[in-house]
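Here are the chains, one letter per residue:
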Amino acid sequence: MDKLTFLKKYNISEEDFIKTNLEWDSLIEIYKNFESRIKELERIASVVGNSLKKVQAVHLVSHRIKEPEHLIEKIIRKKLRKPEITITVGNYTKKVTDLIGIRVLHLFKEDWENIHEYIVNTWPALEKPKANIRKGDSGTLIDRFKIKGCKIVEHPFGYRSIHYIIKASNGRKTFISEIQVRTIFEEGWSEIDHKIRYPYDINNTILANFLVIFNRFAGSADEMGSYVNYLHNELKNINENHSKELEEKNKIIDELRSTIDKLEIESMDKEKLKSKIACLENKFPKLNIYSERRVTEVLQK
């Protein structure tokens, strides 16, 4: 790995590299050491990922091991932001917390709570979970994050996701892993934003303006998804309750008919009573008519 080629590829100036006080040979040592650990990290990632797939609210789980070149880039940029830190071949696995990255996607915003409970009860946490929010997010959502013990961070580019830094073991060694939890709509927007802009077009105002609009579309899609889910559950409850009402009504009518048949009265009178019961039976709304009316009531709330 040639130094000048690397710096040019990742848009890092020679001047900035000098500011880090990093030795290129030390970075090469870290690079080679990390390459030798990749298979072991893959096994840990698979174990964590397969465990998360057990959670009912989880829609999709994926994982990745950081590319060795991206690790070196991250170390350089980390040193530029925090010159006081020391990163060596002996401690880089502790200083860089996303060598193992797990992505967990869910359908509805509300689903994250079940996933959160599973994560915090399954693996030791290295730090407090971080909930990235966008400016303007509802107070209700933010309050839920706080109740669950999350640190609230307003992300400058509008990423909305919850990040967990955990310690995962393979029985012999413990490795740090990062788990990111977000909706499928947030995933779509953030992946496009990351591919188009990060890290070299962060200050491109034209791209930024359009990506902000895209961000709002993703947020609106999440809101619509939550409302559709709410509506589905409401209609399911309505139909279940109405089915029970119909069963009870039919049971009462059957009992009345049986009682009438046993009464010692004129057959004409029996027929009159049965006719009245049939009339009463027809006055009960049918299931589909009842549901349509309730849909309208729910939508008007």
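Residues numbered from 1 in each chain as written. Predicted model: local features only at pLDDT ≥ 70, side-chain atom pairs only at ≥ 80, totals over all residues. Heavy atoms only, no water.

J.: Summarise the overall build of the protein chain; cite the residues concerned and give the values.
T.: For the protein chain, the count of helices and strands is 11 helices and 6 strands. In the protein chain, which comprises 301 residues, the proportion classed as buried is 37%. Within the protein chain, contacts between residues separated by at least 24 positions form 70% of all contacts whose residues are at least 6 apart in sequence. (Helix = DSSP H or I, 4+ residues; strand = E, 2+ residues; numbered from the N terminus. Buried < 20%, exposed > 50% of the residue type's maximum accessible area, 1.4 Å probe, protein only. Contact = heavy atoms within 4.5 Å.)

J.: I'd love a proper account of the pattern of salt bridges, names of residues and values included.
T.: Inspection of every chain in the model, using the stated rule, returns 12 salt bridges. The shortest N-O distance in the salt bridge between Lys-3 and Glu-14 comes to 3.2 Å. In this pair, Lys-3 sits in helix H1 (residues 3-9) while Glu-14 sits in helix H2 (residues 14-20), placing the two residues 11 residues apart along the sequence. Overall, Glu-14 belongs to the partly exposed group, its relative accessible area being 34%. Salt bridges sharing common partners tie together Arg-64, Lys-66, Lys-74 and Asp-98. (Salt bridge = Lys/Arg side-chain N within 4 Å of Asp/Glu carboxyl O.)

J.: If you had to explain empty space enclosed by the protein to someone new, which residues and values would you point to?
T.: It is the rolling of a water-molecule-sized probe over the atoms that shows where space remains empty. Using the criterion set out here, one finds 1 cavity of 30 Å³ or more in the structure. Its boundaries defined by the atoms lining it, the largest cavity holds a volume of some 100 Å³. Taken together, His-106, Lys-109, Trp-112, Leu-141, Phe-145, Arg-160, Ser-161, Ile-162, Val-181, Arg-182, Thr-183 and Glu-186 make up the lining of the largest cavity. Sort the elements by how many residues they give to the lining of the largest cavity and strand E6 (residues 174-183) lands first, with 3 residues. Class assignment of the residues belonging to the lining of the largest cavity gives a composition of 5 nonpolar, 3 polar and 4 charged. (1 Å grid on protein atoms, 1.4 Å probe; cavity = no way out; pocket = protein on both sides within 12 Å on 5 of 7 lines; lining within 4 Å. Points joined across faces, edges and corners; volume = space filled by probe spheres on them. Nonpolar A, V, L, I, M, F, W, Y, C, P; charged D, E, K, R; others polar.)

J.: Could you give me a rundown of the pairing of E6, with the residues and numbers involved?
T.: The element E6 is extensively covered by neighbouring structure, given that 9 of its 10 residues are classed as buried. Bridge count for strand E2 (residues 100-106) against E6 is 7 bridges, and the pairing is parallel. When the sheet's bridge partners are listed, Ile-100 is paired in E6 with Ser-177. Taking the residues between adjacent antiparallel strands as the criterion, strand E5 (residues 161-169) and E6 are bridged by 4 residues, where Gly-171 takes a positive phi near 100°. (Pairing = 2+ DSSP bridges.)

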